[in-house]
Amino acid sequence: GNESGVFSVTNDAFDRAEDVVIEGVSITGSSGSAISSEVNVTVKNSKVTGNSGTGVSARGYVTLENTQIEDNRGDGVSSYAGAVITNSQIVLNQGNGVTSEGDVTLTESEVLNNEGIGITSRNSTIERSVISGQQGTGIWVTSLNEYGGSTRITDSTISDNLGGVDRSEEHT
């Protein structure tokens, strides 16, 4: 592995790139974040496991489809802009499952047994998913402005998180 991970996408490397798609790969053993991007990144039909840093990290949006993010030493997914996760598993990471300054949508996915918080975001939409076994809270909603954040949960299970189901920062 190398210090910057297996895939490192910078604005210099992809002049005016808006989206990068990575499909059908298995990334294991990187000494940094497995995928690090300054633009939006979509990861499809892939496995990102056993890396020394975060599984997928982006300043833009992260989209996961049919992807397994497991046993990374950092967060499973870290996205400044937001994340859309569908039919994916984010499990056994040493940091949070999903961390975002933006909105997170989790559909038909599992966030299990991470050492930190399951999902931390400004707003969360959880549909037909399971968030369970975190060492921290299941969901943490941050208030970045006077309007606060929100969580919408539909047909999902949120259980057995040591920090409880939901804790939210209060704006003062």
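Just so you know, the residues in each chain are numbered from 1, in the order the chain's sequence is written. Reporting in this predicted model follows two pLDDT cut-offs: at least 70 for local features of residues, and 80 or more for side-chain atom pairs to be given and counted; totals over whole chains, interfaces and linings ignore these cut-offs and use all residues. Processing note: side-chain calculations cover all non-hydrogen atoms of the structure and skip hydrogens and water entirely.

Explain the sheet that holds strand 11 (residues 82-86) to me, please; I cannot follow it from the model alone.
Adjacent strands of a sheet pair through backbone hydrogen bonds, lying either parallel or antiparallel. Pairs of strands are assigned from DSSP output, requiring at least two bridges between the strands. Under the DSSP-based scheme used, a helix requires at least four consecutive residues in state H or I and a strand at least two consecutive residues in state E, with every element numbered from the N terminus. Pairing in this open sheet of seven strands is parallel, and the strands run 2-5-8-11-14-17-20 from one edge to the other. The open sheet has two edge strands, strand 2 (19-23) and strand 20 (150-154), and neither has a second partner. Going from strand to strand, the sheet's axes swing by 5° on average, the running direction of each strand aside. Relative to strand 17 (residues 123-127), strand 14 (residues 103-107) is paired through five bridges, and the arrangement is parallel. Of the residues in strand 17, the one forming a bridge with Thr107 is Glu127. Comment: axis = line fitted to C-alpha atoms, over the contacting stretch for helices; angle = value between 0 and 180 degrees taken between N-to-C directions.

Which parts of the structure should I look at to understand the sheet that holds strand 18 (residues 130-132)?
Taken in spatial order, the seven strands of this open sheet run 3-6-9-12-15-18-21, and their pairing is parallel. On the outer flanks of this sheet lie strand 3 (26-28) and strand 21 (157-159), each paired with one strand and no other. Averaged over all neighbouring strand pairs, the angle between strand axes comes to 5°, with direction disregarded. Across three bridges, strand 3 lies against strand 6 (residues 47-49) in parallel orientation. Residue pairing across strands places Thr28 opposite Thr49, the latter belonging to strand 6.

Take it as geometry only, folks, not as evidence of what the structure does.
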